[in-house]
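Now for the letters of each chain:
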Amino acid sequence: MASTGSFPTGVDGSALLNIANRRQHVIPILAFRPRKHVEVGGISDCNSAGFSRDLTLNLCSRLSQCCGRNGRRRRWTTQLVEATGEAAEGGESGDESDSLQATIDKSMSQVLAMQKDLLQQISERKKLVSSIKNSIIDQEGSKQRYLESDVPISIVDAAASKDAELGKDLPGNGTSFAARPQQHLEATTSGDVQSEKVPSMPLKFSMTPNLEPSSSNGSYNMESKNTTEVRISDTKTSMEEDSNKKLKDTTVKTAILSDRPSCAEDEKHEDVKESSSVDANAELDDPSNEDVKPPPLAGVNVMNIILVAAECAPWSKTGGLGDVAGALPKALARRGHRVMVVAPRYSNYPEAQDSGVRKRYKVDGQDMEVNYFQAYIDGVDFVFIDSPIFQHIEKNIYGGNRVVPWYVPCGGVCYGDGNLVFIANDWHTALLPVYLKAYYQDNGLMKYTRSVLVIHNIAHQGRGPLDDFSYVDLPPHYLDLFKLYDPVGGDHFNIFAAGLKTADRVVTVSHGYAWELKTSEGGWGLHEIINENDWKLRGIVNGIDTEDWSPELDVHLQSDGYVNYSLDTLQSGKPQCKAALQKELGLPVRADVPLIGFIGRLDQQKGVDLIAEAVPWMMGQDVQLVMLGTGRPDLEQMLRQFEGQYNDKVRGWVGFSVKTAHRITAGADILLMPSRFEPCGLNQLYAMRYGTIPVVHAVGGLRDTVQPFNPFEESGLGWTFARADGNELMHALGNCLLTYHQYKESWEGLQKRGMLQDLSWDSAAQNYEEVLVAAKYQW
Ligand SMILES: Nc1ncnc2c1ncn2[C@@H]1O[C@H](COP(=O)(O)OP(=O)(O)O[C@H]2O[C@H](CO)[C@@H](O)[C@H](O)[C@H]2O)[C@@H](O)[C@H]1O
C-alpha cells in the first residue's frame, strides 16, 4: 500500500517496505558491525516534553500587538529625554519653557496610561492562567485515573499522519508538535496509514495551552482544532512535570501542532522581547509574576531533536559515545529543545517503562518482535528498543554476528518533521541519513527533516564486502554512496562513507580531530570524502556531565573511605580519596608517592603499548601505577603481568567498572593518556575536574583540551608530548613527577586551573545548536 511511490525491495524488502509504508512514522536506521548488521530504527513519537511558546514570549507578543509598541515607545521615550535636555539648556523661564513642560507632562501621562493598560493586560493574562490551573485542579481526579488506567495513547495514528502532513510542507515552521486529544487518537488509530491496530502506550504528555492573543480584544484564546478540554488536561500534565522538575529542568513544553507560531512569528516575538524593556520591567515589578518563565535559551532556534546511538550512559556504555549520548541531549533540552534519544535496550533498565507497543519486523528473513521502553528524564525522552537480539549483549555490544532491526514506530507528530533534526552517531547509525533520503525525501516525505552525523571515531567504519549492500535494501543507484576503494581491500562497502556523504552536516568531537580527519593518516581512508564535504564539517569539543563527574557530588566517593571534595577541600579530600584507593587496591597507603592512573580501552588507539614501554623506567621511580581497562586479550594479559611483576607498585584491573573509573579519577595524582589518536577524549576532562593532572599525547582533542604547563608563566593544565613514542612519554611524565615532588605551588596551580574550567556541555550544546540550525536552513 505504498501510497508514496515505489519503495525499494531487497533481501529484507518486506521489513523495509513495511517501514516505508508507514511514511514519516518510522525511519529505519541501519547500523552495521563488520559483517554483522544492526538495524537501527527510526523514531518514536513519545511524549512529554515538547516545547511551546513560553509565557513570556506570548506576553511580549501580546504587548506588541496591543500597542504596536515597543519600538515606537522606545523612540518616544528618547524624544522625551531630548526634549528635557533642551529645556534644561534653554533656561527655565518664559512661555517656551511652560509649553515644553506641558508637553512633557502630557507625554508622561500618556506613558503612564499605556503602562497602566499594559499592567491590566498582564493581569488579565494571569487571571486566564490561573483559571486554567483551577480547571486543572478540578480535573485532578480524572487525570489521576487517566495516568493509572490503561487508556491508550497510540504512538501512531492516521490522524497524526495527516497532521504531520499538514505541517511538514512548511520549512522550519516548527508546527509539527501535535497534542492529540486522547479521544481523537482512539477514534482514528486504525486509519489508513497504519494498517494494523497499533498497540497503545500510556504516555504522559507535557503540553502547554497555546495562549495566543486574539487580534482585537486583548483576550486569549484557547482556540484549537483539538478540544479545549483535552488541552487543559494536557496542560496540567505539563505543569505537574514542570513543578516536579523544578529549576533544574528544562522549560520545554509541547506546543499544539496547529497553533504553534511559525518561525517568523518566533522571530517577531524575539524582537519584541529585545525591545520591550519597559514591559519587562513592568512584569518584574509585579510580584505575582512568578508564573512567567523565561524564554528558552535557544530562543527562536528551538527544535525537535532525536539523537540515535548504539549506547547511552548510564544504561549502556562501552566508552565515550555512551557518555555523550547520555549527556548532550540533556544539555540540548536545557536550552529548550525537545529532545529524544533512541538506543537499544541491552538489559533491564529500572527507569524505563514498557510502552506496551509491540511491533513485528522481518529481520534477516525472520519475524522478530520489537518492544519499546521509555523514560523521561531531565527533559529528555529516552526510548529503548527492546529485541531479543539486544538482550544479554551489554558486555559485548559491538561483538557478535548479527542482523538486527532497530525500528521505532514514529508518530511523526509530536516530533513532527518540519522542525526536526536527527543526530546520528558514528557508523552504527550512519545509515540514518541515507534512509532519510532514500525512503523519505526521495519520495517527497520529510522534506524538511535534517540529519547530522557525529564522528566520534573514524577508525570504525562499518566496512564489508560489496555484497553487503544487499542487506541495506536500497535502490541500486545508492551503491555508489557506499562503494569505496581501499588500497588494501580494493572496492568495498563502507557505511560511514555513505552517511558522511548524505548527512546534511557533519560534526566531530574536537577541532584538532576535524583537522586530522582530512589527512590521509587521520581519515582512515575517508579523508577524501571528508575533504570534499569540508564545508559541512565542524569540530565541537565534547563537554562532560558535570553532575556525574563532580568530585563534590560523585556517588562513588561516598563510601569505603572516599569522600566528596571541592576546590576548597581539595587538599584534604583528594589525599583521603588517594588513601582509600590505595587501600582498596592493596597498595601501600602513602601520601607522598605519586599515584599514576590510566583508564581506557585496551587497544592500539589508547597507546597502552607506550605505557608498557615506559613501565620499566617508571618502576625505577617511586611511583604507583593503576591501570583500568578491557579490550585486546594480549593487552589485558599485559596488565595482569605488570601487576604480578611489580606487585608493590602496579595494579592492573582488567574489566569495565564505572565505579572504579570514578575512584581512580579522584584518587590518582596523574592521569596518563598516551593515545595514538584521540578524537576528543573524556578522561582527561574528568581528571582535570577532579584535580588530577593529565599527561597526554598532543593529538586530536587532547591537544585541544590540555594546554601544556608553562612553569615561567604558571599557566597550562598538564603535560603533553608531541609524538606517540615511549621516550616522549617518559620525558613528559618525568617533568610532571619533578613538579609533583619539588614545586608544590605549581602543582596546586595546575590543579586549581583544571578544576575551575567550565567543562560542562552547555557551551558545546550551543555550538551543536548552531549546526542544527545551519542544517535546518540548508537546501
Ligand atoms: N575499563 C573501563 N571501566 C570503566 N570505564 C571505562 C573503562 N574504559 C573506559 N571507560 C570510560 O569510557 C569512557 C571513554 O571515553 P573516551 O572519550 O576516553 O574514549 P572512547 O575512545 O571510548 O570514545 C570515543 O568517543 C568519545 C566521545 O566522543 C571521544 O571522546 C573519544 O575520543 C573517542 O575515541 C570514559 O568515560 C571512561 O571513563
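Above this text sits the structure in question.
The numbering scheme is per chain: residues are counted from 1 as the chain's sequence reads. This being a predicted model, a pLDDT of at least 70 is required before a residue's local features are given, and a value of 80 or more before pairs of side-chain atoms are given or counted; all residues contribute to the totals for chains, interfaces and linings. Each side-chain value is worked out from all heavy atoms of the structure, with water and hydrogens disregarded.

S.K.: Quick rundown of the overall build of the protein? Include the residues and the values.
M.R.: Secondary structure elements are taken from DSSP: a helix is a run of H or I of four residues or more, a strand is a run of E of two residues or more, and numbering for both begins at the N terminus. Helices and strands together make up the secondary structure of the protein, namely 26 helices and 27 strands. Out of the 779 residues in the protein, the part that is buried amounts to 60%. Throughout, a residue-residue contact means that at least one pair of heavy atoms, one from each residue, lies within 4.5 Å. Long-range contacts, defined as pairs at least 24 residues apart, comprise 76% of the intrachain contacts of the protein with a sequence gap of at least 6. All accessibility values rest on the Shrake-Rupley procedure with a 1.4 Å probe; residue burial counts only the protein chains present in the view. Here the protein displays about 30,300 Å² of accessible surface, and carbon together with sulfur accounts for 52% of that area. Note on classification: 1.4 Å probe, protein chains only; a residue is buried when its accessible area is under 20% of the maximum for its type, exposed when over 50%, partly exposed between these limits.

S.K.: Account for the site of the ligand, naming residues and giving values.
M.R.: If a single non-hydrogen atom of a residue is within 4 Å of a molecule or strand, that residue counts as near it. Residues in contact with the ligand amount to 29 residues; listed here are only the nearest, Asp323, His456, Arg601, Glu678 and Gly681. Lys606 is positioned with one of its side-chain polar atoms (N or O) 2.8 Å from an oxygen atom of the ligand. Polar contact is the term for a pair of N or O atoms within 3.5 Å; when the atoms are in protein, one must be able to donate a hydrogen and the other to accept it, and sequence-neighboring residues count only if both atoms are side-chain atoms. In the model, an oxygen atom of the ligand is placed 3.2 Å from a nitrogen or oxygen of the Leu682 main chain. Here the ligand has 710 Å² of accessible area as a free molecule, and 97% of this is covered by the chains. Going through the elements one at a time, helix H11 (320-334), strand E22 (595-602), strand E23 (624-631), helix H21 (658-667) and helix H22 (683-689) are the ones with two or more residues in the shell around the ligand. Of the residues forming the shell around the ligand, the biggest block, 4 residues, is contributed by H11. Residue ranges assigned to the domains are those given by an automatic or database domain assignment. The residues that make up the shell around the ligand include at least three from each of domain 1 (304-539) and domain 2 (569-758).

S.K.: Residues and numbers for the pairing of strand E19 (residues 490-494), please.
M.R.: With respect to burial, E19 is a largely interior element, 4 of its 5 residues being buried. Note: strand E17 (residues 463-464) against E19, 2 bridges, orientation antiparallel. When the sheet's bridge partners are listed, Arg463 is paired in E19 with Asn494. As paired elements, strand E18 (residues 483-486) and E19 share 4 bridges and run antiparallel to each other. In the strand pairing of E19, Tyr485 is matched with Asp491. The loop that links E18 with its antiparallel partner E19 comprises 3 residues. Pairs of strands are assigned from DSSP output, requiring at least two bridges between the strands.

S.K.: Provide a residue-level description of the nonpolar core, including the pertinent values.
M.R.: The tendency in soluble globular proteins is for nonpolar side chains to be buried as a group. By convention a nonpolar core is built from buried Ala, Val, Leu, Ile, Met, Phe, Trp, Tyr and Cys residues, the set being connected through side-chain atoms within 4.5 Å. In this structure, Ile455, Ile458, Leu474, Phe482, Phe496, Leu500 and Leu526 are the most contacted members of the largest nonpolar core, which totals 97 residues. Residues within four places of Leu500 in sequence aside, it is in contact with Leu453, Ile455, Ile458, Val506, Leu526, Ile529, Ile530, Asn533 and Lys536. Phe598, Ile611, Ile693 and Tyr740 belong to the second-largest nonpolar core, a separate cluster that totals 36 residues.

S.K.: Requested: an account of the environment of Gly655, with residues and values cited.
M.R.: Within the fold, Gly655 resides in the loop between strand E24 (650-654) and H21. Residue classification places Gly655 among the buried residues on the basis of a relative accessible area of 18%. Placed 24 residues apart in sequence, Gly655 and Gly631 show a C-alpha to C-alpha distance of 8.5 Å. Excluding residues within four positions of it along the chain, Gly655 makes contact with Leu628, Gly629 and Thr630.

S.K.: Quick rundown of the sheet that holds strand E26 (residues 693-697)? Include the residues and the values.
M.R.: The strands making up a sheet associate through backbone hydrogen bonding, with each pair oriented either parallel or antiparallel. Pairing is parallel in the open sheet, where 6 strands are placed in the order E24-E23-E22-E25-E26-E27. Of all the strands in the sheet, the pair left with one neighbour each is E24 and strand E27 (719-721). Neighbour-to-neighbour, the strand axes of the sheet open up by a mean angle of 15°, direction not taken into account. Alignment of E26 against E27, held across 3 bridges, turns out to be parallel. Counterpart to Val695 in the pairing with E27 is Trp719. Interaxial angles span 0 to 180 degrees and are taken between N-to-C directions of axes, which are lines fitted to C-alpha atoms, for helices over the stretch in contact. Along the sheet face, helix H20 (residues 633-645) touches E22, E23 and E24 and points at about 150° away from the line of E24.

S.K.: Account for the side chain of Thr665, naming residues and giving values.
M.R.: Its place among the elements puts Thr665 in helix H21. Using a relative accessible area of 3% as the deciding quantity, one classes Thr665 as buried. If near-sequence neighbours (up to four positions away) are discounted, Thr665 is found in contact with Trp549, Lys574, Ile599, Tyr686, Ala687, Tyr690 and Thr692.

S.K.: Describe the packing of helix H19 (residues 608-619) against helix H24 (residues 726-742), and please don't skip the residues or the numbers.
M.R.: Following both chains from N to C, one finds H19 and H24 inclined at 50°, their axes separated by 9 Å at the closest point. When the axis of H19 is compared with that of H24, the two are oblique. In the crossing of H19 with H24, the sense of the turn from one axis to the other is right-handed. Note on element contacts: H24 touches H19 through Gly726, Leu729, Met730, Leu733, Gly734 and Leu737, opposite Leu610, Ile611, Glu613, Ala614, Trp617 and Met618. Three categories are distinguished: nonpolar for Ala, Val, Leu, Ile, Met, Phe, Trp, Tyr, Cys and Pro, charged for Asp, Glu, Lys and Arg, and polar for the others, with Gly belonging to the last. Looking at the contact of H19 with H24, its residues break down into 9 nonpolar, 2 polar and 1 charged. The labels follow the angle: roughly parallel below 35 degrees, roughly antiparallel above 145, roughly perpendicular from 65 to 115, and oblique for the rest. By the definition used in this description, the sense in which the near helix is turned from the far one sets the handedness, with an anticlockwise turn below a right angle giving left-handed and a clockwise turn giving right-handed.

S.K.: Report on helix H26 (residues 761-776), specifying residues and quantitative values.
M.R.: Between its first and last C-alpha atoms H26 spans 22 Å; for 16 residues at 1.5 Å apiece the expected length is 22 Å, and the two agree. Among the residues of H26, those classed as buried are Trp761, Ala764, Ala765, Tyr768, Glu769, Val771, Leu772, Val773, Ala775 and Lys776. Two or three places before Asp762, at the start of H26, stands the capping residue Ser760, its side-chain oxygen 3.2 Å from that residue's backbone nitrogen. Multiply 1.5 Å by the residue count of a helix minus one, and that product is the helix's expected span.

S.K.: Pulling in residues and values, what's your account of the sheet that holds strand E21 (residues 537-539)?
M.R.: In spatial order, the strands read E11-E12-E13-E10-E9-E15-E16-E20-E21; together these 9 strands make up an open sheet with mixed pairing. At either margin of the open sheet sits one strand with a lone partner, and together these are strand E11 (353-363) and E21. Going across the sheet, the axis of each strand differs from the next one's by a mean of 25°, ignoring polarity. On top of the sheet, helix H15 (residues 495-502) reaches strand E16 (450-455) and strand E20 (505-508); it is set at about 135° to E16, its chief contact.

S.K.: Quick rundown of unusual backbone geometry? Include the residues and the values.
M.R.: With the exception of glycine, most residues fall at negative phi, and the peptide bonds are largely trans. The step from Ala313 to Pro314 runs through a cis peptide bond, and the omega angle for that step is 5°. Topologically, Pro314 is positioned in the loop between strand E9 (304-308) and H11. Positioned with a positive phi, Trp524 is a non-glycine residue whose angle comes to about 50°. If you trace the backbone, Trp524 turns up in the loop between helix H16 (511-516) and helix H17 (527-532).

Fair warning: the whole summary comes from geometry, so function is off the table for now.
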